[in-house]
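A closer look at the structure
These are the residues of each chain, in order.
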Amino acid sequence: MRSLPPTIALALASGVTTHCQCWLLTRRDGVALGFTDHDRALRIGMQVFEAASGIEASAVESETGLAAANGEITGALSSARVTAEDIEAGRYDGAQLRRWLVDWSAPALDCLIDVVTIGEIRRKDGAFIAETRNALHALDLEKGRLYSSACSAELGDADCGVDLNDPAWRIAANVVTTDGRHRISAPPFATPTAGLFARGRLMVLTGANAGLSRPIRVHEGETITLWEGLPADLLPGDSVVAIAGCDKRFATCRDRFANALNFRGFPLIPSPEFAFVYAQPGEGRHLGRPLVQL
């Protein structure tokens, strides 16, 4: 059972509505934004909670057990602090949202209701709708390793061991031509290894998109195409860095990165359709040989 602070308990027992909700949204870059459903702004400590911000929360059912509880918050994009550009740039992805019950006659952050993280964010009719996930959501995430022919590591992580700071796997360049959002061309991208940056990442160092990165879909010659467009127009002369990608196949790990010893897949596993193949007289195709040449 939740124990309420005396101020909140007395206010609720009095029969007079003197409480409201306050939200503190903390982005991963450290920016903190306060909102309240009270009819005037509240200052609590050093934080201002903006009134009439348009923020609304859906009802979230609380229950015992380890089930993850999800909810939603909605808000208008008219606030100068919550912009469509920041949402599109991913600056609110994974942000932490704390919600308090506050007695506005004596405001204090002493009755924390819940702590959630921001999941999927959708935009609709000039407003945003953000999914909220509680801490138990982490229990639904995949853990451990799966038996798969593809590598389970991410290129450059501790399991992989490839050093992505090596100049062989990253190239800095200034944009020469671009469509502004998805396609970028620069002569340094024409590497001897075809498709080196496919499935990698593009980091933007200067310009309106400085500090952002996007996954790369296709790398052909001098041109890189992104999976997801940048929120602002990229301009010729902007500085970018392209980082190599990996298709997680054993042959790529062995031949391109010389990293076969760290491969985290199981390349000798037969393909799924192999399980449905039956022996036929005189076939003898494999004769005990491995299905994959290491």
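Conventions we followed
- Residues numbered from 1 in each chain as written.
- Predicted model: local features only at pLDDT ≥ 70, side-chain atom pairs only at ≥ 80, totals over all residues.
- Heavy atoms only, no water.
- Phe/Tyr/Trp six-rings, centres within 6.5 Å; stacked < 30°, edge-to-face > 60°.
- Helix = DSSP H or I, 4+ residues; strand = E, 2+ residues; numbered from the N terminus.
- Buried < 20%, exposed > 50% of the residue type's maximum accessible area, 1.4 Å probe, protein only.
- Disulfide = S-S within 2.5 Å.
- Salt bridge = Lys/Arg side-chain N within 4 Å of Asp/Glu carboxyl O.
- Pairing = 2+ DSSP bridges.
- 1 Å grid on protein atoms, 1.4 Å probe; cavity = no way out; pocket = protein on both sides within 12 Å on 5 of 7 lines; lining within 4 Å.
- Points joined across faces, edges and corners; volume = space filled by probe spheres on them.
- Nonpolar A, V, L, I, M, F, W, Y, C, P; charged D, E, K, R; others polar.

The next subject is the packing of aromatic side chains. On inspection of all chains with the given rule, the structure shows four aromatic pairs. With 4.8 Å between their ring centres and 55 degrees between their planes, Trp 169 and Phe 257 make a pair best called tilted. Linking Trp 169 in the loop between strand E9 (127–133) and strand E10 (170–174) with Phe 257 in the segment after helix H3 (250–255), this pair joins segments that are 88 residues apart in sequence. Residue Trp 169 is classed as buried on the basis of its relative accessible area, which comes to 15%. Between Phe 250 and Phe 263 the ring centres are 5.2 Å apart and the planes differ by 85 degrees, which places this aromatic pair in the edge-to-face class. Of the two residues, Phe 250 sits in helix H3 while Phe 263 sits in the segment after H3, which places them 13 residues apart along the sequence.

Okay, the state of the cysteines next. Inspection of every chain in the model, using the stated rule, returns zero disulfides. The thiol sulfur of Cys 151 is not disulfide-bonded, and the nearest other cysteine sulfur, from Cys 253, lies at 6.1 Å.

The tally for this structure, following the rule as stated, stands at seven salt bridges. Put simply, Asp 114 and Arg 99 hold a salt bridge, and the shortest N to O gap is 3.0 Å. You can see Asp 114 sitting in strand E8 (residues 112–124) and its partner Arg 99 sitting in strand E7 (residues 96–103), a full 15 residues away along the chain. Salt-bridge contacts for Asp 233 lead to Arg 181; the nearest nitrogen and oxygen are separated by 2.8 Å.

We now examine the pairing of strand E1 (residues 19–26). Bridge count for E1 against E7 is eight bridges, and the pairing is antiparallel. Opposite Cys 22, over in E7, you have Trp 100 as the bridge partner. When E1 meets strand E2 (residues 32–36), the two strands line up antiparallel, connected through five bridges. Considered in E2, the bridge of Leu 24 is made with Gly 34. Between the antiparallel neighbours E1 and E2 lie five residues, among them Gly 30 with a positive phi of about 95 degrees.

When its volume is computed, the second largest pocket comes out at roughly 280 Å³. Forming the boundary of the second largest pocket are 20 residues, of which Glu 154, Leu 155, Gly 245, Cys 246 and Lys 248 lie nearest the centre. Here the lining of the second largest pocket is built from residues that sort into 12 nonpolar, four polar and four charged.

With phi around 70 degrees, Arg 199 is a residue other than glycine that occupies positive phi space. Residue Ala 258 is not a glycine yet carries a positive backbone phi of 50 degrees. Judged by relative accessible area, which is 67%, Ala 258 ranks as exposed.

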